[in-house]
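A closer look at the structure
Chain by chain, the residues run as shown.
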Amino acid sequence: FLMRIAVKDANVLIDLDLSGTAGLWFRLKIETHTTEMVLNQVRKGGHQNVLAYADTGKIQVHSTSADILFECAEWVQDKPDLEIQDASVFLLARRIRAVLMTGDQDLRTYSEIEQIEVHGTLWIFDQLVEKKLLNPADAAKRLQKLLTQGRRLPKDECQHRIALWRQHP
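Computed from a prediction, not measured in an experiment: that's the story for all the values here.

In this structure, strand β1 (residues 5–8) lies alongside strand β2 (residues 31–35), joined through three bridges in parallel fashion. Paired with I5 across the bridge in β2 is E31. Sheet analysis places β1 next to strand β4 (residues 99–101), joined by three bridges and oriented parallel. What sits directly across from K8, in β4, is M101.

With that out of the way, let us pick up the nonpolar core. Core analysis: the biggest nonpolar cluster contains 55 residues, and W25, V42, W75, L100, M101, I124 and L143 have the highest contact counts within it. Contact partners of W25, with chain neighbours within four places excluded, come to A6, K8, L16, I30, T32, M101, W123, I124 and L128.

It is worth spelling out the sheet that holds strand β3 (residues 59–62) at this point. Strands sit in the order β3-β2-β1-β4-β5 across an open sheet of five strands; the sheet is parallel. Whereas interior strands pair on both sides, the edge strands pair on one side only; in this sheet they are β3 and β5 (118–119). Of the pairings in the sheet, the one linking β2 to β3 comprises four bridges and is parallel in character. Counted as the bridge partner of T32 is I59 from β3. Here helix α3 (residues 36–44) sits on the sheet and contacts β1, β2 and β3; the angle it forms with β2, its principal contact strand, is near 85 degrees. Packing against the sheet, helix α6 (residues 84–96) makes contact with β1, β2, β3 and β4, and its axis sits at approximately 135 degrees to β2.

On to the packing of helix α5 (residues 66–76) against α6. At a minimum axis separation of 9 Å, α5 and α6 run at an interaxial angle of 110 degrees. Considering their axes alone, α5 and α6 lie roughly perpendicular with respect to each other. Counted together, I68, L69, E71, C72, A73, W75 and V76 of α5 and I84, A87, S88, F90, L91, R94 and R95 of α6 form the full contact between these two elements. The residue inventory of the contact of α5 with α6, partitioned by class, reads ten nonpolar, one polar and three charged.

Reading the values: rules and limits
- Residues numbered from 1 in each chain as written.
- Predicted model: local features only at pLDDT ≥ 70, side-chain atom pairs only at ≥ 80, totals over all residues.
- Heavy atoms only, no water.
- Pairing = 2+ DSSP bridges.
- Helix = DSSP H or I, 4+ residues; strand = E, 2+ residues; numbered from the N terminus.
- Core = buried A, V, L, I, M, F, W, Y, C linked by side-chain atoms within 4.5 Å.
- Buried < 20%, exposed > 50% of the residue type's maximum accessible area, 1.4 Å probe, protein only.
- Contact = heavy atoms within 4.5 Å.
- Axes fitted to C-alpha atoms, helices over the stretch in contact; angles between N-to-C directions.
- Parallel < 35°, antiparallel > 145°, perpendicular 65-115°, else oblique.
- Nonpolar A, V, L, I, M, F, W, Y, C, P; charged D, E, K, R; others polar.

Here it is as structure tokens:
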């Protein structure tokens with residue numbers, strides 16, 4: 001089983017950009033969505049590759065109406081550990097019945113409570129290796145690069161995968 005629709009937050013989009021795996025992600029043929037608010041975060045970070053995928057329509061960007069902005073602001077009100085951008089992707093995933101892709105632990109927790117399927121960067125790497133879009137040694141290198149760049153990923157899980165993938169030629 002492979003999901004058909006995913007909503008991504010800035011963490012995941014930036015991880016894919018920094019690891020050079022964004023193009024491989026689209027070969028999984030999973031419809032990809034995000035919000036205008038998240039894309040603005042990505043733009044501020046200067047992640048041109050991600051913006052190019054949005055410009056060509058490979059990432060469907062949902063605009064922020066006043067209603068949606070209000071709903072986001074209301075949703076984060078009692079969740080001080082989350083930002084309005086987190087609310088935007090959570091509410092979008094819930095609205096379009098998509099899997100939420102996030103690297104934010106608090107957002108994961110709220111998603112699980114609401115029974116929204118949630119995955120992160122490591123799951124994407126697993127899929128790319130499993131579907132033979134990325135060879136294990138290359139996956140290990142790219143994941144190590146993310147860790148070296150200080151990306152917020154679960155270190156133990158990353159080290160486990162890196163060690164495992166380096167055993168394969």
